[in-house]
Structure formats: C-alpha cells, structure tokens
Amino acid sequence: MELLMPAYIIGGLGIVFGLGLAYASKVFEVKVDEKVMRVREVLPGANCGACGQTGCDGFAEGVVGGTCAANGCPVGGAQVAAQIASIMGVEAASLESKVARVMCNGTFSNCSSKFQYSGIEDCTAAANLFGGPSACSYGCVGMGNCVRACAFGAIVVEHGVAKVIQSKCTSCGKCIQSCPKKIITMVPASNEYAVRCMSPDKGNIVRKNCTAGCIGCAKCSKVCPVNAIKMKGALAEIDPQTCINCGECIKVCPTGSINRYFCEQQSID
Amino acid sequence: MFPRKGFKGGAAVPHRKNTAEIETVSMGIPQKVAIPMSQHIGAPCETVVKKGDFVKVGQIIGDSSAFVSSPVHASVSGTVVEISPRLFAGGSQVLTVEIESDGKQEIYEDIKPPKYANQKEFLEMIRKSGLVGLGGAGFPAHVKLSPPPDKKIDTLIINGAECEPYITSDYREILENSWNILCGIEILMELMSFKDVWIGIEDNKPEAIRILSEMADNHDNINVVNLKSRYPQGAEKMLIYAVTGRKVPPGKLPADVGVIVMNVNSVSFIAEHIKTGIPLVKKKVTVDGSAVKNPSNVEVLIGTPLEEVFNYCGGFKSEPAKILMGGPMMGIAQYSLQNSVVKQTNALLAFDESEATLPKESVCIRCGKCVEACPMNLIPLSINQGVSNQNLESLKKYHINDCIECGCCSYVCPAKRYLVQSMRLGKTMLRNAAGK
C-alpha cells in the first residue's frame, strides 16, 4: 500500500490537471476560421512574402478576410489559386504566371573589365567602387546578391552574369530588390524575347565596353510587325504585352543583345 | 613645448614620409585637363561653358546656385573640346569638362586681388575662389565658415597632423609657405572672431612644429600643439578631442562644440588668394609608393591626368598593381591613369604587386582588437556581423553611421577581415533601405 501511494497521488494529480486543461481549452479557445486553416494548407508554405503579406499565414487570413484575392499567391500559381477559389466558393480569376529575367548579356567573354575587384563578395559593395568591376556600369556585377536572395534556388551566376532558371522561378520578386543595378525585371512567362541590355549609353560606348549590348540601331523596332519594340533613347525595349513571339527581331539584331527564352511551362495546367 | 596630446584607440601605422625632405616641384602644363563638375561634398555644378569655348586660367566653368556647393574653375587656358559624363569614384556619372591647353596659361581678365569689407563679403569671396577642405574630404570652405548663428564658435584648429603614411604635402606647405599659413590665420581671426587658434601637428614633424612655434611666439592667441603620432590623429573628431578635450557628439558637426577645423593648405590658400586673386586651380600632391621612380611633392594643375603626374615623377620603376588617390589607409583605388587630379587629391600612390595584394579574409576570432583600435568607440566585429546577416536593425543599434572609415579596424585585424569595406556596404544598405 505504501508503495502504491505515490503512484495514486501522481495519477490523481494528472487526472485533475488534465480535466483543468481540457476545461480551459474549451473556455479560452481562440476561434480560428476553419477556412483559414484549409487555405493555409494548400499554400506552398515558403513564407516568401511575394503576395505582399507577412507570410503564408498572413495571406491565408487575408484571403478569408477579403483583403487578398484568391489568385494573390504568385508562387502557387493557377493550381493553388483554383484550390483557394474552391475553398472560398468563388470563381478564380486567371493568374498570368510570371518569371524574373536578368537583363544583361555581359558575360566575361562579352564584356571587358575595368579593374580586378578583390574584397567583399557583394554586388552592392563592388558597385560602390566606380560602378563595379565590369566595363559597363549598367550591367550585372556578378557577385550573386540575387542568388543569395532567392529562396527557391532559381538563380545562378554563369560566366559573371546572373541567370534565372525559368522553371524554378516563382516570381516572388526578392531578386529584384536585392539587385543594386536594378537589371532584373518581371515579365509574363509566355513572353519569349527580351533585349538583354540596360545600358542607355550611345552605341559607340556600348560597343567599346560589351560586344553583346544594345547599340540602339533600331533595326528591331523597324522590323517588328506589331510595333512592340520601342526605342528609349539608344536602348530598345520589347513590350511583353504586345509581343507576339514571332522572332523577327532576333534575326536582324547585329549584336545579339536580343535573346530567346524557352520557357518550360511551370507546374500548372 | 606643450605636452603631447592624443586620443583613445587608433593604430600605430608606419610613417614612411619618404618625400618629407624633398622640395616641392611645380609640374608643367598638361596638354589636356579633364575637370569634373563635382569636386566637393554637396550639389554638383552645372557647366557655364560649352564645347568650343575659349577659356582662360581661373575662369569659372561650373557653378551652382545651391549653398552647399563650390564653383569649378579652368586650370589652363585653351579650348573646351568636350563636355561628357565620366564615371566617378562613388559609381555615379559626373559631367566633366575637357580643355585642350594652348600652352600660354593666360590669366582670366576679371582676376584681381579681391576686396572685402565685412564677413559677408569675405565668405562670398571664399565661395567664388572654389576653396574646399583640402585635407581630403572636400567640404566647401564657405559653408564651414558660416555656422548657424545660434552656435557660438570660439576656437579655430589648423590641421597639420597629417597622420596618413606617405603623405607629406601638408608638411611641405608648412616648411615652404609658413608665412602664408600665419597670414591666413590672422585674416580668419580678424573676420571670424575666434578666441583661440591651435595648430595641431604630429610629433614626427619636429621641424614643422619648430618653425610655426617660432612664428606664433609673438601672437598671444595662436598656439602650436604637439600631437602624438598615431593614426587617425588628423581626423576632425580626434583632433578636436586631442586639442580641446571636447567631444563632438555622434551625428553632430565640430561647430556644435564651438570649433572649426581647417587644413594648413586651406588657410595658406586663403592668404595666397587674397594676394593674387587666383582661384583654386592647382594642388600640392605627394607622389610616392613602391612603384614610383622619383617620389616627390608636385604642384599639379587640377584636372591633370594621373598618367602625366606619374610620368613627371620619372614614371614607374615596376608595373604598378594598385594606384591610390589619397593615403594608403583611406585612399580610393583608381582603375585608370586617365582619371584626373581633383581638389581633394592630396596624394597619388602607386604600389607594385608585392605591396598591393590584399590578404585573404578568414573567420573572426573575436579577439576584440578592432574594438580597441576604433577611435570612435564602435564595435566593428558586431557591425561586420550585422552586414553579413543583412540585419539593418543591428547596424543601427551599433551606430554604423558614426564610423569615419579610417581603416584602423581592418589594419589591426589578425583575421584580415574586410571591416571598413563592410562598414561602407552597411551604410549603403541603410541608405538604400531608407530610400525605398
């Protein structure tokens, strides 16, 4: 009997506390909308913040609370949008999938260098010194700020220029913020052609610095059948909304600054 | 002689004042000068000449209506051949006027010894002369000399510390133009009602201390201060503390503790300008370093390409691996010999491969040497950590913006961490975040 006493006491306490906790959990229950839980479950869960909310939890609350659209998660794409729409019982508006693109062709073989940089491996630090080590002060610095910013491993630096792996890009936009040169743009994934150059310099200066830069010859804008290419000073720019992916521009570009992307469709139907 | 005065922290860097005993030589007229429109802290100037114009020495070629700015003058007579943007050290493009010299060095007609009756006219004269802080920072002198009226200024400190290794341009100025320095001080005392004037010189320059002490002997209010030779003794805040014992609070200016600091070259220029009326068109520059054949102090016209300055000093004896504008502690590496000498340039150093190689960075061992060395009492290792983690809150917490980028932390770090670089990067990160 003496031996069993402690076991009874502990067991008795356990039952009392258990009942107390069970009672408290009912009385002080924080009511979570069941919809929020369900929406949260279908989200990717990367907490990237691309939706503009604090994270996936914030977005789920926003959707249920009516402040966010069902298709507001660019990472999840159309599939997630459809699931959220069915949970919320609304019609999902179609979501155009987007990808980030680095608008620079200045690889080591194309763009000459101004000086050797030794120091912190950081684009902002390198760009602070005479605009960076490459001859063109508008192009990619190649120290990989965007690589470190990307939570999805979608960016690599190849031959001194960052490259977005289109199939992995979730268009969260973190890379755009991290780039000191502001050469990453977000375009519709269906858009295949882009002028990969951001230098507003005149043709002769661009040519001196980089063999693959836009020299502003305007040939592409003349040949474009839908007038999607506009000249901004000495820099051609393709309007992704108007572009019909015909590929006429790439045929006439003398420097090869217009590139074609082959976008694998992202994991959406 | 006064007792040696100093400050807490800093680094004992080698002096290497190789050019101290070599007399300053004046360089000839370069064929072409390229003069940037921003050689000062503040708003860049707008060009007032156009391509094809004929300009003469001392003619204003760039001016600005902003208060914190300083006009830019032509340093040669000749024709403006090009006005185009050029890359500046900070990475921004600055409009640069290229003038092809006609070799005659004709002086602009309007130049005559200036007259001034009161303080206001004096400050206007200083503004027109294009004078900026010649110690290296390039803060417009007329702005420095017109503090807000609620601040009582009683002390003028003349900075002749010259704590950076190699540089001797201030020392040579004291030796060669000591009379001008004293005249300049007298003019400033008369107009600005300073109670005391202190001339701060490091004790590794006994000759300079002797000369100026003798001259100052018959002036009651002018004193020469013997400073400890320790880097960064010439930094404004360290100098004020060493001389007056006053501490400039974080984010404040010397004027807030009643002090104005001016470089010896700046005061000497004021005296010279009042005599001749010629604005700031030339600069005394120390040319030195292991790759330079004949190190010396050279008087260079502003806008001269670096290449011509080095050629004048006998060229390079070995392939230079790094060229610095400024001292080895704070100077900025130059990528092209076509860059030009500007108002802030006080030294041009060229180093060969053996001296220019940056050691590889390794991990922080938390020894705290950088904390001991920091003259601003910061904790560089924690700031460095904040920068690598992109933690902006911690940067603010550790007062990154108080860093004067003197380089002591990097100099003493046994792990060779890029501490100053990360301070600069951190400041840029904060600026960018604030701009968003």
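Residues numbered from 1 in each chain as written. Chains lettered and ligands numbered in written order. Predicted model: local features only at pLDDT ≥ 70, side-chain atom pairs only at ≥ 80, totals over all residues. Heavy atoms only, no water.

For the rest of this paragraph, the subject is the overall build of chain B. A tally of helices and strands in chain B yields 14 helices and 17 strands. For chain B, whose C-alpha radius of gyration is 21 Å, the value lies close to the compact-globule estimate of 22 Å for 436 residues. C-alpha extents for chain B along the principal axes are approximately 65 × 50 × 50 Å. Burial analysis of chain B (436 residues in total) assigns 55% to the buried set. If you take every contact in chain B between residues at least 6 apart in sequence, the share linking residues at least 24 apart comes to 73%. Looking at chain B as shown, the accessible area adds up to about 18,900 Å², and 52% of this sits on carbon and sulfur atoms. Looking at charge distribution, chain B has the averaged site of its 48 positive side-chain charges lying 7 Å from that of its 46 negative ones. (Helix = DSSP H or I, 4+ residues; strand = E, 2+ residues; numbered from the N terminus. Rg over C-alpha atoms; globule rule 2.2 N^0.38 Å. Buried < 20%, exposed > 50% of the residue type's maximum accessible area, 1.4 Å probe, protein only. Contact = heavy atoms within 4.5 Å. Areas by Shrake-Rupley, 256 points an atom, 1.4 Å probe, with all protein chains shown as cover. Lys, Arg positive; Asp, Glu negative; His and termini not counted. Charge placed at Lys NZ, Arg CZ, Asp CG, Glu CD.)

Moving on, we come to the nonpolar core. All names here are of chain B. With 45 residues, the main nonpolar core has F122, I185, L188 and M262 as its most contacted residues. Here this core takes eight residues from helix α4 (residues 178-192), the largest share from any one element. With residues near it in sequence (within four places) discarded, L188 still touches F122, L145, L156, S193, F194, M262, V267 and I270. Of all hydrophobic cores here, the second largest spans 26 residues; its members include L378, V387, L425 and M429. (Core = buried A, V, L, I, M, F, W, Y, C linked by side-chain atoms within 4.5 Å.)

Attention shifts here to the interface of chain A and chain B. Across the contact, 17 residues belong to chain A and 20 residues belong to chain B. At the boundary of chain A with chain B, total buried surface from both sides reaches about 1,400 Å², with 61% on carbon and sulfur atoms. If you sort the residues of chain A by the area they bury against chain B, I120, N128 and F130 of chain A come out on top, with a joint share of 44%. Applying the counting rule to chain A against chain B returns zero salt bridges. At three residues, helix α5 (residues 123-127) of chain A tops the list of elements feeding residues into the side of chain A that touches chain B. Across the side of chain A that touches chain B, the residue classes tally to eight nonpolar, seven polar and two charged. (Buried area = accessible area lost by both parts, 1.4 Å probe. Salt bridge = Lys/Arg side-chain N within 4 Å of Asp/Glu carboxyl O. Nonpolar A, V, L, I, M, F, W, Y, C, P; charged D, E, K, R; others polar.)

This next bit is on the packing of helix α1 (residues 119-128) of chain B against helix α7 (residues 264-276) of chain B. Residues and elements named next belong to chain B. One can describe the packing of α1 onto α7 by two numbers: an axis separation of 11 Å at closest approach and a directional angle of 95°. Classified by the angle their axes make, α1 and α7 are roughly perpendicular. On α7, the residues touching F122, M125 and I126 of α1 are I270, H273 and I274. Looking at the contact of α1 with α7 residue by residue, the classes come out as five nonpolar, one polar and no charged. (Axes fitted to C-alpha atoms, helices over the stretch in contact; angles between N-to-C directions. Parallel < 35°, antiparallel > 145°, perpendicular 65-115°, else oblique.)

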